[in-house]
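What follows is each chain in one-letter form.
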Protein chains: 2
Amino acid sequence: MRLYTYFHSSAAYRVRIALNLKGLRYSAVPVHLLRDGGEHLSVEFARLNPARLVPVLEDGGATLTQSIAIIEYLEETHPQPPLLPACAAARARVRSLALDVACDIHPLNNLRVRRYLSSALGLGDAQREEWIRHWIAVGFEAIERSLAADVQTGSFCHGESPTLADCCLVPQIANAQRAKLPLDPYPTLRRINENCQRLRAFTDAAPAAQPDAE
Amino acid sequence: MRLYTYFHSSAAYRVRIALNLKGLRYSAVPVHLLRDGGEHLSVEFARLNPARLVPVLEDGGATLTQSIAIIEYLEETHPQPPLLPACAAARARVRSLALDVACDIHPLNNLRVRRYLSSALGLGDAQREEWIRHWIAVGFEAIERSLAADVQTGSFCHGESPTLADCCLVPQIANAQRAKLPLDPYPTLRRINENCQRLRAFTDAAPAAQPDAE
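What you see is a predicted model, and the numbers here were worked out from it, not measured in a lab. (Residues numbered from 1 in each chain as written. Chains lettered and ligands numbered in written order. Predicted model: local features only at pLDDT ≥ 70, side-chain atom pairs only at ≥ 80, totals over all residues.)

## Thoughts on the overall build of chain A
No. 1: Helix and strand counts for chain A stand at ten helices and four strands.
No. 2: Starting at the N terminus, the α and β elements of chain A follow one another as β-α-β-α-β-β-α-α-α-α-α-α-α-α.
No. 3: Computed over C-alpha atoms, the radius of gyration of chain A comes to 17 Å, within 12% of the 17 Å expected from 2.2 N^0.38 for 214 residues, which places it in the range of a compact globule.
No. 4: For chain A, the residues scored as buried account for 46% of the 214 residues in total.
No. 5: Contacts spanning at least 24 positions in sequence make up 69% of the contacts within chain A whose residues lie at least 6 apart. (Helix = DSSP H or I, 4+ residues; strand = E, 2+ residues; numbered from the N terminus. Rg over C-alpha atoms; globule rule 2.2 N^0.38 Å. Buried ≥ 20, exposed ≤ 12 C-beta atoms within 10 Å, placed from the backbone. Contact = placed C-beta atoms within 7 Å.)

As structure tokens, this is what we get:
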């Protein structure tokens, strides 16, 4: 398997965690989002992924895009260890927590949106940073309340082993820390993040541990 | 089953299509996003969904949130007719197309973001409408190129029957039409939308066909 990745991309980070949790070896192809005006914006990369976003996973003849679709694919092709629980309602809970990050937080703060805020709307650094913190805070507040209120929450987002939800949460917490968002209001998120950080699958997937890290 | 819905919510519209495609009866509980400062922002609704977003589906004892997680749940609990193909790579393709809409277009344009653009950033109507059209155009351009280049595209996004991808695409096209985005650059999207609009499952789910439509 070959993963097109960028060390700081939190969507690529999710897939790196999932690959590690499943014990799957892959070769990393770094795509630098800032160098040369963005390698992901090249004609070659657009041929691989018309959406011009990382990650992309190549597996045999298949070219897969969108981090959550990739992790669902890994779950179906390599079921052990499972990243989704067995029962349908619990699977929906885990997917919903993952989408709380992947739909409602991350897309508002990714590189192209930050660029549009600066270039098209003329926002200064302070307003742009406030935008970033605002959407993480709105999302984390909802996730914190969901997790804290539910007995299905364990050492991880769902029970006692990591799931798709943890694959999405941990990279978003890293982004929050980069954005200097205080995490005190989210004790459950912090606790789960600390538990994940005890596992090699998570620490090996972290931005600083990547070959393309700067 | 009970669906908390708002006629104009495109995330609720996705779930309405999926319920109809599977022939599942449900009772609709309208949640008005504009009346009384937003019924979804009430204490009662936050207890149901801490993220304060529609849709929410109640099924037996389960309370389900996030439209794609809900549709995956329906797929697992009511497999016929399938909204995902059988093979893992094809399932990943359909999920990726759905997430191209659900992650990379819709979250940038939903009500709370439009409100932030006006209130916190002081954008006028013209700049806000330009923002909306910009992100739909960026996303549609990528989806058009993905669909047009792939022999797996048929009368629908994937083959000859509707999938999760069509459940997401059609509501986003409705949003694009409301935003007055010209659709000429996206002939494949338009063709698929027209094919979907021939099916009762789609037309019965449309905003104008809802009991709470205005």
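## Thoughts on the interface of chain A and chain B
No. 1: Between chain A and chain B, the contact holds 31 residues from the first and 31 residues from the second.
No. 2: Counting only elements with at least two residues in the side of chain A that touches chain B, the list comes to strand 4 (62-65), helix 3 (67-77), helix 4 (88-102), helix 5 (106-109) and helix 7 (125-148) of chain A.
No. 3: When residues in the side of chain A that touches chain B are grouped by element, the largest group, nine residues, is from helix 4 of chain A.
No. 4: In the side of chain A that touches chain B, the residues fall into 19 nonpolar, five polar and seven charged. (Nonpolar A, V, L, I, M, F, W, Y, C, P; charged D, E, K, R; others polar.)

## Comments concerning the relation of the copies chain A and chain B
The second copy of the chain is related to the first by a rotation about an axis and a shift along the axis.
No. 1: After a rotation of 180° and a shift along the axis of 0.0 Å, chain A superposes on chain B with an RMSD of 0.0 Å. Put plainly, the chains are arranged around a two-fold axis. Residue Cys103(A) of chain A places its C-alpha closer to the rotation axis than any other residue of that unit, at 2.3 Å.
No. 2: When the interface residues of chain A are mapped onto chain B, 100% of them again fall at the interface, so both copies present the same face. (Least-squares fit on C-alpha atoms with pLDDT ≥ 70 in both.)

## Points about helix 9 (residues 187-196) of chain B
All names here are of chain B.
No. 1: Three or more residues of helix 9 are buried, namely Leu189, Ile192, Asn193 and Cys196. Looking straight down helix 9, one finds that the buried residues subtend no more than 100° of arc, so they occupy a single side. Exposed side of helix 9, more than 90 degrees from the buried face: Pro187 and Glu194 are the residues found there.
No. 2: Those residues of helix 9 that are buried are in contact with helix 7 (125-148), helix 8 (164-178) and helix 10 (200-203). (Arc of directions from axis to C-beta.)

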